[in-house]
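# Summary of the model geometry
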Amino acid sequence: MQEGQFVLFKNDKKTEPSQPDMTGKIMQGGVEKRMAAWGKIGKNGKFLSGKITDFKISDDKSSSRYQENDDSSADIF
């Protein structure tokens, strides 16, 4: 992954409303970090809000959900 690039995947393990709708990773400052995003609806329509955090030791970056694929037609909401 190159600097400034990121990937997000639908969070198919979401069990609580407070958990993110999408999770992924980003390369920032030469360090791979975790991304989380929530789908929301505002007065101008649908949008994503999110945050970037350091990976926790328990985060499994080798999981298949972090493998790149080319399914660019996926519905994100």
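Residues numbered from 1 in each chain as written. Predicted model: local features only at pLDDT ≥ 70, side-chain atom pairs only at ≥ 80, totals over all residues. Heavy atoms only, no water.

### Describing the overall build of the protein chain
Looking only at helices and strands, one finds zero helices and four strands in the protein chain. Its helices and strands taken in sequence order, the protein chain reads β-β-β-β from the N to the C terminus. A burial count over the protein chain gives 23% of its 77 residues as buried. Taking as baseline every contact in the protein chain between residues at least 6 positions apart, the subset at least 24 positions apart corresponds to 29%. Approximately 5900 Å² of the protein chain is accessible, and the part contributed by carbon and sulfur atoms is 48%. (Helix = DSSP H or I, 4+ residues; strand = E, 2+ residues; numbered from the N terminus. Buried < 20%, exposed > 50% of the residue type's maximum accessible area, 1.4 Å probe, protein only. Contact = heavy atoms within 4.5 Å. Areas by Shrake-Rupley, 256 points an atom, 1.4 Å probe, with all protein chains shown as cover.)

### Looking at the confidence of the model for the protein chain
Residues of the protein chain with pLDDT of at least 70 account for 73%, and the chain-wide mean is 82. In this model residues 63-74 is a low-confidence stretch, pLDDT under 50, and it forms 13 contacts with partners more than four residues away in sequence or in other chains. (pLDDT = per-residue confidence, 0-100.)

### Things to note about the pattern of salt bridges
Using the criterion set out here, one finds three salt bridges in the structure. Where Asp 21 meets Lys 14, a salt bridge forms, and the shortest distance between an N and an O atom there is 2.6 Å. Under the relative-accessibility criterion, Lys 14 is labelled partly exposed at 30%. Across the salt bridge formed by Glu 32 and Lys 25, the nearest N and O atoms sit 3.8 Å from each other. We classify Glu 32 as partly exposed; its relative accessible area is 24%. (Salt bridge = Lys/Arg side-chain N within 4 Å of Asp/Glu carboxyl O.)

### Digging into the environment of Gln 2
Inspection of the secondary structure puts Gln 2 in the segment before β1 (6-10). By relative accessible area, which is 56% here, Gln 2 ends up exposed. Along the chain, Gln 2 and Glu 32 lie 30 residues apart, while their C-alpha atoms are 9.6 Å from each other.

### Observations concerning the sheet that holds strand β3 (residues 31-42)
To summarise the sheet geometry, strands pair through backbone hydrogen bonds and adopt either a parallel or an antiparallel arrangement. If you walk across this open sheet you meet the four strands as β1-β2-β3-β4, and the pairing is antiparallel. Taken across any chain shown, the strands that pair with only one partner, and hence form the sheet edges, are β1 and β4 (45-53). Sheet twist, expressed as the mean angle between neighbouring strand axes with direction ignored, is 25°. As paired elements, β3 and β4 share nine bridges and run antiparallel to each other. Residue Ala 37 lies in a different strand from β4, and its bridge partner there is Gly 50. (Pairing = 2+ DSSP bridges. Axes fitted to C-alpha atoms, helices over the stretch in contact; angles between N-to-C directions.)

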